[in-house]
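Fold and contact review
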Amino acid sequence: MASRPELEDQKSTGSTEKHKDDQLSDNSETEEKAFSMAPAHSTVALVETGCEGEDDPWDLPELQDGAAAWSDLDTMGKVLRVVTSTGKGLLLLGFLYMFICSLDILSSAFQLVGGKAAGDIFTEGSVLSNPLAGLVIGVLVTLLVQSSSTSSSIVVSMVSSGLLQVQMAVPVIMGTNIGTSVTNTLVAMTQAGDRNKFRRAFAGATVHDFFNWLSVLVLLPLEVASGYMYELTKLLVDSFNIQSGEKTPELLHVITDPLTKAIIELDKSVISGIATGDPAARNKSLILKWCKTFTNVTLRNETVPGPENCTSPALCWCSPDLCYTLHNRSETYNIQTCNHIFVNVDLSDLTIGLILLALSLLVLCSCLILIVKLLNSMLKGQVAVVIKKILNTDFPFPFGWVTGYIAILVGAGMTFIVQSSSVFTSAITPLVGIGVISIERAYPLSLGANIGTTTTAILAAMAAPGDTLAKALQIALIHFVFNVSGIILWYPIPFTRVPIRLAKALGNITAEYRWFAGVYIISCFFLLPLFVFGLSMAGWKVLVGVGVPIVTLLIIIVIVNVFQTRLPSCLPALLHSWDFLPLWTHSLEPWDRAVAVVAAKCCCCCKGCRTGQEDEEEEEEEKEKKGGGPFLEMYDNPAVTNGVDWEKKREDKEDDLKATQL
């Protein structure tokens, strides 16, 4: 029998293969015809070749520049190059503007759909006394309104009205930090078409999620046990004589408001009113109809039953039969209606919200795809090299550690400018996907975005009225201290940057099984919060009885996994791998096959599927009759096919096909 072909022989030409086949066939004409088909190469060689040429999927790709060099262009070519580049730049700014506006409309749509439900959730004061329930409520409300600023303002309103204590509001603020990170994770889903881009984009988005979840996992128990955030922020607020300031400066909103306010305007006081128990707010529409109003306050002489009903003893006059006092009465006059397109539309808030939700998602995804296409066409050659060096290069030794902290400051500054962490992190997600920003650089930028959104909240709190200033400022400072504490935990020392490693692991999984990205989003942002909320509603005993065994099991699994990777000799032989368990419990492969079957049944017509299957079977039969059977290509070495009864093989195959058709 001939020896197995070597690795370096795999690139041999067709004539060499035919010459070898002629020697092996012993001048047999039939076998020569059969072996002249494309022979399969050695499986071992293919595996070795793949291992040698395999690149690290996390390396930033080189964006090839297929255009001619500037020096090679004539005058007309240079003019055309400048005009094209300028046009692409203007289009990029236009699409980015539409992308930011669509995020704003998306937030309004979510508030129309679930804003009143969010207000109702906050009315459960007894539930909020449970820290885990408060955390979950913060997550769910932020998911419903798609704005951490809105959910934070609701918390401020409840604290100011006395419905919620500041200590009880701390877990809710932590939950808003988690809920706001779902937006850029959804944006990453638009790059699922390319495996490597999706790997990087999803990891770049979820590194923000893992930072928030890990920070809550450590800091929430610490806060419940010690209350250090409450005490520290109370000390800061009491130490300064802070005066109520002016309205928070609106930077990006000056540009986006003309378009977004022409589409929809919301009365955000309705959600706060529902949360604070105002019965009139429950029947009001969230859609703002009157943009300009005038409130007239008059002092009126009114009759009251007795002196105890007077506003003050000095303003009380009583006769034997009646008492009179003075009351301030305010009347609001509507002056000018709003100009958005839904001001006079006779539709419910839910219907308008669903319409805006569909349109804003369509515009958001379209703009994101076009932005990625434009960036791919613009960031080539020397331009890409310069941008990558600026964004990803560290300072020279010994100041390399400073680069990450500068990235945090840049992220905070950019988030302060755009007034939204969701907008900034959603904008850098496609850049991570196409390979312009590495995930190691996206991580500090996301941390800076967390800081930037809290500085905006602090400025907004300082513009609050005097009676609510202290509590509003303390809640904003709690948000700030929480994010700074998380950065101290998960950034300064390189080996503590666990979110990067977890995000890369998840990116690898979702690149291979893309359906798992949807499972992750639904599980982490909906099912898990709802499960914990349900246990919290059942009481502490149920929560501990169900939660403690689950958490203990997860901790044991993590410890065993670590030992399997690093110290397998310390484990019993049975635990060296999870192979003793059913495959579906430790591998996604069976689930992937199940998803493929369900997708095939759902996405194609049954008749069309049967027809396609029959055509494929007929092609296989025809190929067997002409070429002597598919089994030739299954062997590494054609010599092992000598003496095979192909007629018998063909008959067996035909019987199998007939059985399949039946």
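Residues numbered from 1 in each chain as written. Predicted model: local features only at pLDDT ≥ 70, side-chain atom pairs only at ≥ 80, totals over all residues. Heavy atoms only, no water.

The next point concerns the overall build of the protein. Summing up its helical and strand segments, the protein has 27 helices and three strands in all. A burial count over the protein gives 39% of its 662 residues as buried. Sequence separation of at least 24 residues holds for 76% of the intrachain contacts in the protein that already meet a minimum separation of 6. (Helix = DSSP H or I, 4+ residues; strand = E, 2+ residues; numbered from the N terminus. Buried < 20%, exposed > 50% of the residue type's maximum accessible area, 1.4 Å probe, protein only. Contact = heavy atoms within 4.5 Å.)

Turning our eyes to something else, we now look at the environment of Phe533. Mapped onto the elements, Phe533 comes out in helix 22 (residues 515-538). As for Phe533 and Leu543, which are separated by 10 residues in sequence, their C-alpha atoms are 9.4 Å apart.

An order of 1-3-2 is seen for the three strands of this open sheet, with the pairing classed as antiparallel. Among the strands making up the open sheet, the edge pair consists of strand 1 (290-304) and strand 2 (316-318). Pairs of neighbouring strands in the sheet enclose a mean axial angle of 35°, with direction left out of account. One ladder, built from three bridges, connects strand 2 with strand 3 (residues 323-337); its direction is antiparallel. Residue Trp317 lies in a different strand from strand 3, and its bridge partner there is Tyr324. (Pairing = 2+ DSSP bridges. Axes fitted to C-alpha atoms, helices over the stretch in contact; angles between N-to-C directions.)

To continue, consider the side chain of Gln564. Mapped onto the fold, Gln564 is located in helix 23 (residues 540-566). The class for Gln564 is buried, based on a relative accessible area of 16%. Only 3.2 Å separates the side chain of Gln564 from the side chain of Trp578, close enough to count as a polar contact. Not counting residues up to four positions away in its chain, the partners in contact with Gln564 are Leu571, Leu575, His576, Ser577 and Trp578. (Polar contact = N/O pair within 3.5 Å; in protein donor to acceptor, adjacent residues only side chain to side chain.)

Further remarks concern the packing of helix 10 (residues 195-226) against helix 20 (residues 469-490). Between helix 10 and helix 20, whose axes approach to 10 Å, the crossing angle comes to 95°. The angle between helix 10 and helix 20 falls in the class roughly perpendicular. Contact with helix 10, carried on its side by Phe211, Leu214, Ser215, Val216, Val218 and Leu219, involves Phe482, Asn483, Ser485, Gly486, Ile487, Leu489 and Trp490 of helix 20 and no other residues of that element. Considering only residue class, the contact of helix 10 with helix 20 consists of nine nonpolar, four polar and no charged. (Parallel < 35°, antiparallel > 145°, perpendicular 65-115°, else oblique. Nonpolar A, V, L, I, M, F, W, Y, C, P; charged D, E, K, R; others polar.)

What follows deals with helix 22. An α-helix turns once every 3.6 residues. As a result, residues three or four positions apart point the same way. Over its 24 residues, helix 22 extends 33 Å from the first C-alpha to the last, a length consistent with the 34 Å expected when each residue adds 1.5 Å. Bending of helix 22 peaks at approximately 45° at the position of Ser523. Within helix 22 the residues assigned to the buried category are Phe516, Ala517, Tyr520, Ile521, Cys524, Phe525, Pro529, Val532, Leu535 and Ser536. Those residues of helix 22 that are buried lie in contact with helix 6 (131-145), helix 8 (166-179), helix 9 (182-188), helix 10, helix 21 (498-512) and helix 23. (Expected span 1.5 Å × (residues − 1). Bend = angle between axes of the 7 residues up to and from the residue.)

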